[in-house]
Amino acid sequence: MAQAPVIIEAAINGTTTKERNPNAPRLPDEIAADALACFAAGAAVVHNHVDVVAVPGEESAARYLEGWRPVFDERPDALLYPTTNFGPGVEGAYSHMAPLAATGWLRIGIIDPGSVNLGGVDADGLPAAPGFVYANSFGDIRHQAAVCAGSRLGPSMAIFEPGWLRTALTWHRAGRLPQGAMGKLYFGGDAGYITSVAQQHGGAPFGLPPTEKALDAYAELLEGCDLPWSVAVIGGDLFDTPVARLALERGAHLHVGLEDYAGPEQPTNREIVERAVALCGEIGRPVATCDEATA
């Protein structure tokens, strides 16, 4: 495993605004240019959000395709995938997947196997009201898995908290995860997942911190399991923690990009991908191509 190619995923925007980092792509032409730059730098997968949510599935799919078509024109091997459409309901949240899959371009889906509190911190240092609950019930998870299976999509599974991984592993050990599943261990940085520029005092932390002991805890849950996994630090800088190097030494993969990054600088997504490639070189592991990641 230590010599297996590293799949580098670039999550290029998320909720990161241009006020936080002017290099964050928001509009379709920016998303296309940024995705192509990340693929050229060594990313095998690009994940992005769009600027419309909770709309009919066809409308959401069309907005994604505005940014994706120029990418596939140049890189037909590219692996791109969206985020949830955020409703209405779980059916609406995943209603864009089938029309995107029908193009033949989408090969990665989403299963988010849990719920988490996200939001900012007030001036008193406490998590600010009202906050946001990103909720995925067991029924919602079944629907997500059915969407992935029905459209032959390999599910990308965010793991915000340890309970999310235990749920994912329950599906995996039952042989019910669609083919191509990967778990993404989201360690919580000090800035949390900032969902609004109004969060002047930063984001509330979640999950396990990006430490060796926290990685060991996840590794214990994954022991004896062949599910591929990657690491990310949400609300921090993955490369300023021991997690990236340790994960690579254990045969894992890397999830990077401006959706996650909350360090002191204002890098581009390409620069972050280049840092990931350089670290892989230091460890002595090759970087996966899009075709290798697809396999």
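Attention in this report is confined to the structure presented alongside it. (Residues numbered from 1 in each chain as written. Predicted model: local features only at pLDDT ≥ 70, side-chain atom pairs only at ≥ 80, totals over all residues. Heavy atoms only, no water.)

**Looking at the sheet that holds strand 7 (residues 154-159)**
Read from one edge to the other, the open sheet built from eight strands follows the order 3-2-1-10-9-8-7-4, with strand pairing classed as parallel. Of all strands in the sheet, those bounded by a partner on one side alone are strand 3 (80-81) and strand 4 (108-110). In this structure, strand 1 (residues 8-11) lies alongside strand 2 (residues 45-47), joined through three bridges in parallel fashion. Across the sheet, Ala10 pairs through a bridge with Val46, a residue of strand 2. Its contacts with the sheet put helix 7 (residues 212-222) on strand 7, strand 8 (182-188) and strand 9 (229-234), and the angle it makes with strand 8 is roughly 155°. Seen against the sheet, helix 9 (residues 269-283) touches strand 1 and strand 10 (253-256) and runs at an angle of roughly 160° to strand 1. (Pairing = 2+ DSSP bridges. Helix = DSSP H or I, 4+ residues; strand = E, 2+ residues; numbered from the N terminus. Contact = heavy atoms within 4.5 Å. Axes fitted to C-alpha atoms, helices over the stretch in contact; angles between N-to-C directions.)

**A word on the environment of Ile7**
With respect to the helices and strands, the residue Ile7 is situated in the segment before strand 1. Along the backbone, Ile7 and Leu254 are 247 residues apart, and their C-alpha atoms lie at a distance of 6.4 Å. Those residues in contact with Ile7, other than ones at most four positions away along the chain, are Ala44, Val45, Met182, His253, Leu254, Ala288 and Ala293.

**Examining the pattern of salt bridges**
Where charged atoms of side chains with opposite charge meet at close range, the side chains can pair. Using the criterion set out here, one finds eight salt bridges in the structure. Across the pair Asp237 and Arg275 runs a salt bridge whose closest N-O atoms are separated by 3.3 Å. In this pair, Asp237 is assigned in the loop between strand 9 and helix 8 (243-249) and Arg275 in helix 9, connecting sequence segments 38 residues apart. The class of Arg275 is partly exposed, set by a relative accessible area of 35%. (Salt bridge = Lys/Arg side-chain N within 4 Å of Asp/Glu carboxyl O. Buried < 20%, exposed > 50% of the residue type's maximum accessible area, 1.4 Å probe, protein only.)

Interpretation note: all reported values are geometric properties and have no functional meaning in isolation.
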